[in-house]
Each structure stands twice: as structure tokens, then as C-alpha cells.
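Observations on the three-dimensional arrangement
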Amino acid sequence: KTLFHGLSAHGVKLALPTLLSAASNDETGGDKESSNKQAWRRRVAAIGMLGASASAAPKQLGAVLPRAVPELISALADTHPRVRETAREALGEVANVAKNPEIRNLKAVLLDALCEPAQCTRLALDSLLGREYAHALDAASIALVMPILVRGMRDRTADTRRCAAVLAGNLALMTATGVTMTMTEALQPCLEDAAVVDASPDVRRAAALALGQLVASIGDLPPTLLPRLAGAALASPNPPEIGDIISGKFTAQHGEGVLAGAAQGTSERSGAAQALAVVAIELNIGIKVIRETAIPAVTAKNAATRQGAQYIMRYLSQCPDLDTSLVPDMLEANVVGLADDSDAVREVALLAGKMLVRHHGKAQLAVLLPNLEAQLGHNEWRIRASAAVLLGELLCLVGDARRVGFAEIDLDDDAGLGDHEVADAIRQAIGLQKWHNILASLYIARLDSVAAVRHAAVQVWKTVVPNTPKALRDILKNLVRRLVSMLTPEAGSSTNLISSSGLPLKQEAIEDDLIDEDDDTASSEGDFEIAQDAAIERQRVGSRTLGDIVQKIGERVLPELVPLLVEAFEQGDDATRVGVCLGLAEVCAACSAQQAVERLQLLAPAILDALLDNSPSVASHGALAFRELHKCAGKAAVEAVLPSLLSRLDENDDDSAVRAIGELAQKRSRELVQLLVPSLLSARPLSLARGRALAALANSAGAAVGPYVGSVVRTVIAHVIECTEADSNEKLLTCAAQVAAAAALSGDATGTVGQLASSLTTSAPETRAAAAKVSALFFFLHLEHQHKTMRNLLVVVIGSLSF
């Protein structure tokens, strides 16, 4: 003691190696040579001097105890009883000089844990955690506690390891900087190992927090810590994406260390990313790590690296000072992860998005809300489903509602589980127009082709919408505008809007892919075969949404819905008008027969405008809408449209009216021909426009017009006899011949020839001459399709001419 009292710090450093060498001598039990029989005495003396150094050289405790206490602890396992007894006494002397009163009160428990670590370590940790500390820890206190912490972090029990990590972080914050540096040397490897490779997530979380608290207490960090953690998180010992985390301080070679190559599994990458995030946040470099490490790595070739990058963004989303300019970049990187080919990357990306929303949803609402809403219309269904989930998280955060997807009872998709307070809070926070935009996007997502998207959107809708019919009426104008935009084909794709089956896109989708709204457990991939053409898929969803609106609240919504469609038709270009026609077809298909008849005054004028449009594509899709209306309303639909169509035909001799009649016959040939042909032949005199319409009808209807060939020919001949305009007569006769030719080409050539021949049997010369001209025109129109019946007709025609 006298010797140590007189030594300076430098002298202690010189004397300490000799004492440590003597104290760490080999065990002295057993049969040994006589020269070594007294070695235990030397060890006892050295251990006693080490214990005395604690009280004799208090100013040098920081240099002595970190190296002395481990040797004293190792001596507790010596085979000689005097060595063990002296080591315990020496540890008692170290405990006596501890200045922290909380540690001094636990002297007996701590000594038991040092002497019997297997039995007493957990008791010591619990005792230390249960204390309230009002004083800073000195070097002697830390020297006693440190071995217990290290032993606890290597325990087989996960809860013991967690307690040790929590205690290490708490004690680091109550220790002076100089003393903490001695803690860092012993604790940092243990904490790094526990934070990265421990099997328990609770232990990894506690170790990461302790590592951050350790770094915060010293105000600096070991020079290779961040590169090692980043390399482990990105599954690469030398990750090229890391760059200079702190300008110029780190290089790629620093990534080589105890953790290099250690993070081969998901849990290891998660632990390393968590520890990296905690340390970066403590050092106020979280934003820099996100920009230079995480975001560049989301497009790496290695899936493990991409997963690690998403993990880093997940944990760094807790960074309190995220820039507004960084949030869109993080969300974009998150979207890249959500569309990744790897399931593991997509899962972590969704967790990262949830963390970003939960921690910065209110502060960054103006940035997150429009971005998430836009992703609901993404071509990739996984992104749409994830966007719906994240949007639900954001709306619940803003409206202070319970989490999305938790329902006490199983209700239908339209049942609202949210209350008016939640809806009012969200509307007040984001504004009425944005609220309507969000509801419109969610309602469209409810009718998505993929079950996962539908399920997520329905759960959000149930949570934030208390009354579905009222919400639909509020957003109807916004919703119709979006649906018309979805139904509108992109430039150059309008020719693909009618499928090979002749059905509207919606009808074909429903008949091919019936969607069971209640089958939420079905696999997303097996539920629907995603269309190759994204535009076609958007149109199908838009059509299905319009039909759903009409089916749910058609009686109340039709008077508002149809005028909105008409307005869009009048103000839009050709592509927009095609979209409106598809919307009208869907509305008509969703109406009941009673609704269709009652609302003919609304629906018929809109469809008539589409039929008479100058664009052939618009007129064709207008005929689709009329077909759906005719299915519901029957003959009443024809009576509502046909008079106006014939009036337009007689007044203007308009090509659009002629084309419209041809389109109508093509869509509903058998049902409409029996109504159209008599109506066209009823005019006296028969105009050339009606003749052209008859020819267009025959070309579209084909075989359906066969029974009416004789009536058409006789009516045309009667008009020709009465009319004196030669040019008009020739054209009308040509139209009659075209009707007959169309019927013959459809497969009924014999019946057609028979009807033509019957018109030649009359005794009136003018009638036979006109009939002969029609027959001759019919023959020459199909000279390349000569048939036996046509040769017979030729004989009759020649005989008639010679007569």
C-alpha cells in the first residue's frame, strides 16, 4: 500500500504488468517440482497487492482496475483455496472503494455473482435493474459491474442477455466519459455480436439501443463501427454502396471486421440495420446514411443487399429530423422494394413503409398522401395492395382510428365500421377535395382484379367510411371523372376496345373472371390472370366500378350519374367519348329492367348521340351501349332510339345515321332486324338514305336479313316505278342488290335467289325490268362466287330480258 500511494499514474502503468504476470501464474495444485511448490504464495501476494492498489492509488483507478479485476476474477477459479480466498478479499477491497452508493449497497450480491456466475448472474442483473440511480458510476463501480454484464450477455437464456444489454446501455449514460471509454473496450464487441447475430429479436433490439447509448455517452464512436454494421446489413464485407458515411472518414476497407460476412440471414441483416440506425441517429447522421447507403442499395443485383437496404430505411424512418425533400425519395425507394421479385424484400419494404407512415405521417402528410394515392393506380398489383395498406395506416393515424383490418364481426364490404368523428377528423386534416379524391381512389381499388388489393381497400373503406351510399353520392362527380379517364383508351389503342368475342370489355371480364368478393383467402395469383395490356385492365376495373355503383344505389344515383357522363361526352375528344360509351354500356348492363324503362329518357338521348358521332370508333361503342340497354328495356329501347335515328336519316341523309343503323344491326342482329327493316321500308317515297341504311344493315346482320330480301326488293321496285329520277333509281336498285348479296353470302343463297326470281314472275313489264336489273346487279356483284343457283338465275334473267 505504501508503494502504490507513492506511485504516479505512469509508475502504476510500469508496475502493473509485473503484478498481472505474477497474479496470472499457472495453477499451483497437484504434484509439481519443488521449485514450483511455492508459486501459489507468489500469486497470493500479487493478488493481494492488486486488491490493495484499489485503495492505495485511487487517482490511478482508471488505469488499474480494468486490467486488475479480470485477473482477480480468473483467480476465483484457481484450485488452491488460499488463492480463491485472497481473490475474493481483493474484490471486496475493490468494492469498498466504489463511490456509488447504489453499487456499494449491492456489494454482497455483486461479489456472489463474480464468484458464482452460473448461479448468481441473473440475481445480480435483476438487482442492478431494480435500483434507482441518483449518482454517477466511478471506475471501481464499473470494474465490479462490467464482468457481470459481459457474463450476462453470453448467457444461454435470451431474457438474461436482454437484461444485460439493457443494463449496459443504462449504466453507460450514468458514467463519466473517461470511465465510459474503458467500458467501450469490453462491451462493444459483446453488444455488436448480440445486436447482429443473436437469435432473439428482443436481445437484438436491446443490444442495438445499448450500443447507441454507449456511443452517445462517449460522443464519438470507434472508427470501424459504422462500416462494419453497414457491411453486415447489406450482406457485403466491402459494400460499394456505402460510400463515405462521414465525409472522408471511412473507406471500404474498414468494412472488414468481426461482422464482415456474418450477416448471412434475414435476422442478422435486420439486427445490423437496427444497430446502424440507432448509432446513426445518436450521431445525427441518419439522413446521410439514408441518402448514401440505403437508397443506392435498393437497386442492387443481390437480393440480400436490397433487403438490407430496406431494413436500414425501416429503422432509420424513426429519425426525428427527416427532411421533407427526403421523404419522396424514401417512398420511391420503398415502392421499388414493394415491386421486387423477392418475397423477402417486398415484406421488409412494406414494414419500412409502415414505419415511415407511423413516425412521419402527420408531419409529412402533404407529401405522403398524394404519393400513396397515386400508387393505388400502379400497374403492379403488389404496389397497389401495399399502397392501400399504407394509406389505411396514414388515415388511421390522422383520424385517430383503430388499426385497419380489425373487425369484431364479419360484415359485407359496404358496411362502415368507422364513425363520423373519424371521417370528420380526416376531412378536416386533409381538406374536402383531397378527402373526396382519396375516397374515389379507394372505391375504385375495391373493385380491383386482384383479391389482395380488393381486401386491403375494403378494410380501409370500412374503417374510415361510416355510410357508403352517402359517401358515394358525395364523391360521385369526382368518381365519374376518374372512371371516364380509366375507360378512355390511350392513343392508338382504341381498336382494341372490342374483344374478339364482340363483348364489351366489362362483359368479357365478368363472364371470364367472375369475382367472389367474399373469397378473401384465395391466392392473389390464382384469383385473376392479370391482363397483359395495362390499359385494357384499367378499362375493365373502371367498367366494373361503374356497374357496382349502379347496382348499389342505382335508383338514387342514375339521375346524377348519366348527366355527368353526357357532360364528359360533350367536352371530351374521341378517346374520351369512347370511354363514356363504355361507361354507358356498363350502366345499362347494371340496371334492372324496371330501372332501364323508367330511365329511358335519360339513357336513350345519350346513347343516340354516341351512335350518331362522326367517329366510327365512338359509334361502334355507342352500339355496345345500346345493346346493353336493349337487353334490359327490350322493345322500349328501340322505340326510344329508332324514331330519332330515322328522322336524322331522312332530314340530313347523314352517313353517321347510316353507320349507326349498321352498328345496331351488328350488335343485336336477330332482335333488331325484324324491327329495323319494316321501319326503314315504311317511308313513302323511299329515300336513297334509307336504301343505303338497308344495305348497311344487311352487311352487318348477314343471315338475319335473309327473310326480308323479297320485301326489300319489292318495295324498291315499287318506288322506282313511281319515281322519275333515274340516278336515284339506279342507286336504290344497287342498294337492293347489295341486301340480296349480303343475305346470299351469309349462307342462304338458294333462298335469296328464290326471292329474287319470284319478283320476275309478274306480268307488269316495268316491274319485270326493274327486277331484272336488281337480279343482274346481284349476279355481277358476286361473279367470283358463282353457284349453280346463280346460273339458273342467269337463265331466268336472260329470258326475262328477251321477253
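Residues numbered from 1 in each chain as written. Predicted model: local features only at pLDDT ≥ 70, side-chain atom pairs only at ≥ 80, totals over all residues. Heavy atoms only, no water.

**Details of the overall build of the protein**
Here is the rule we go by: A run of DSSP states H or I qualifies as a helix once it reaches four residues; a run of E qualifies as a strand once it reaches two. Both are numbered from the N-terminal end. Only heavy atoms matter for contacts: two residues are in contact if any of them lie within 4.5 Å across the pair. Note on areas: these come from Shrake-Rupley sampling with a 1.4 Å probe, and a residue is covered only by the protein chains present in the view.
Across its full length, the protein carries 40 helices and zero strands. Sequence separation of 24 or more characterises 73% of the internal contacts of the protein that already satisfy a separation of 6 or more. Here the protein displays about 34100 Å² of accessible surface, and carbon together with sulfur accounts for 51% of that area.

**Thoughts on the packing of helix 18 (residues 343-360) against helix 20 (residues 381-399)**
Relative placement of two packed helices is described by the angle separating their axes and the distance separating the axes. Our working rule: Think of each axis as a best-fit line through the C-alpha atoms, taken over the contacting stretch in the case of a helix, with angles from 0 to 180 degrees between the N-to-C directions. Relative orientations are named as follows: roughly parallel for angles under 35 degrees, roughly antiparallel for angles over 145 degrees, roughly perpendicular for angles from 65 to 115 degrees, and oblique for any other angle. Note on convention: the crossing is left-handed when the near helix lies turned anticlockwise from the far helix by less than a right angle, right-handed when the turn is clockwise. Each residue receives one of three labels: charged for Asp, Glu, Lys and Arg, nonpolar for Ala, Val, Leu, Ile, Met, Phe, Trp, Tyr, Cys and Pro, and polar for the others, Gly being one of them.
Remark: helix 18 packs on helix 20, axes separated minimally by 9 Å, with the N-to-C direction vectors making an angle of 25°. Relative to helix 20, the element helix 18 lies roughly parallel. Note that helix 18 runs across helix 20; the crossing there is right-handed. Contacts between helix 18 and helix 20 involve Arg346, Leu350, Gly353, Lys354, Val357 and Arg358 on the former and, on the latter, Arg382, Ser386, Val389, Leu390, Glu393, Leu394 and Leu397. Its residues placed into classes, the contact of helix 18 with helix 20 shows six nonpolar, two polar and five charged.

**Regarding the confidence of the model for the protein**
Our working rule: The score called pLDDT rates the predictor's confidence residue by residue, from a low of 0 to a high of 100.
Here the protein averages 76 in pLDDT, and 77% of its residues register 70 or above. pLDDT under 50 marks residues 26-35. Its contacts with residues more than four places away, or in other chains, come to 14 contacts. Predicted confidence for residues 404-412 stays below pLDDT 50, and this span has 14 contacts to residues more than four positions away or in other chains.

**Digging into the environment of Ala696**
The condition is simple: The rule is simple: take the accessible area with a 1.4 Å probe, protein chains only, and divide by the maximum for that residue type; under 20% is buried, over 50% is exposed, in between is partly exposed.
Relative to the elements of secondary structure, Ala696 occurs in helix 35 (residues 688-701). The exposure class of Ala696 is buried, given its relative accessible area of 18%. Spatially, the C-alpha atom of Ala696 lies 8.3 Å from that of Val739, the residues being 43 residues apart in sequence. If we ignore the near neighbours within four places in the chain, the residues touching Ala696 are Val658 and Gly662.

**Quick look at helix 24 (residues 468-487)**
What counts here: Multiplying 1.5 Å by the residue count of a helix minus one yields the expected span of that helix. Consider a residue and the seven residues that end there alongside the seven that start there; fitting an axis to each set, the bend is the angle between those axes. Polar contact criterion, stated in full: a pair of N or O atoms within 3.5 Å, where within protein one must be able to donate a hydrogen and the other to accept it, and residues adjacent in sequence count only if both atoms are side-chain atoms.
With 20 residues, helix 24 should cover 28 Å at 1.5 Å per step; its first-to-last C-alpha distance of 23 Å lies more than 12% under that length. At Leu476, helix 24 shows its maximal bend, which comes to roughly 65°. One side-chain oxygen of the residue at the start of helix 24 lies 3.3 Å from the amide nitrogen of Lys470, identifying that residue as Asn467.

**Notes on the environment of Ala232**
With respect to the secondary-structure elements, Ala232 resides in helix 13 (residues 225-233). Considering only alpha carbons, one finds Ala232 and Ala273, 41 residues apart in sequence, at a separation of 7.9 Å.

**Concerning the packing of helix 28 (residues 574-590) against helix 31 (residues 616-633)**
The geometry of helix 28 relative to helix 31 is characterised by a closest axis approach of 8 Å and an angle of 10° between their N-to-C directions. The orientation of helix 28 with respect to helix 31, classified from their angle, is roughly parallel. Contacts between helix 28 and helix 31 involve Asp574, Arg577, Val578, Cys581, Leu582, Leu584, Ala585, Cys588 and Ala589 on the former and, on the latter, Ser617, Val618, His621, Gly622, Leu624, Ala625, Glu628, Leu629 and Cys632. Broken down by class, the residue content of the contact of helix 28 with helix 31 amounts to twelve nonpolar, three polar and three charged.

**A closer look at the pattern of salt bridges**
Definition in use: For this analysis, a salt bridge means a side-chain nitrogen from Lys or Arg found within 4 Å of a carboxyl oxygen belonging to Asp or Glu.
Across all of its chains, the model carries 21 salt bridges by this definition. Residue Asp126 pairs with Arg122 through a salt bridge whose shortest N-O separation is 3.0 Å. Taken together, the residues span about one helical turn, with Asp126 and Arg122 both in helix 8 (residues 117-129) at a distance of four residues. Take Asp126: its relative accessible area is 37%, and that puts it in the partly exposed class. Arg122 gets classed as partly exposed once you look at its relative accessible area, which sits at 28%.

**Side note on helix 22 (residues 432-446)**
Relative to the 21 Å expected for 15 residues at 1.5 Å per residue, helix 22 spans 21 Å between its end C-alpha atoms, a close match to the ideal helical length. Those residues of helix 22 not exposed but buried are Trp435, His436, Asn437, Ile438, Leu439, Ala440, Ser441, Leu442, Tyr443, Ile444, Ala445 and Arg446.

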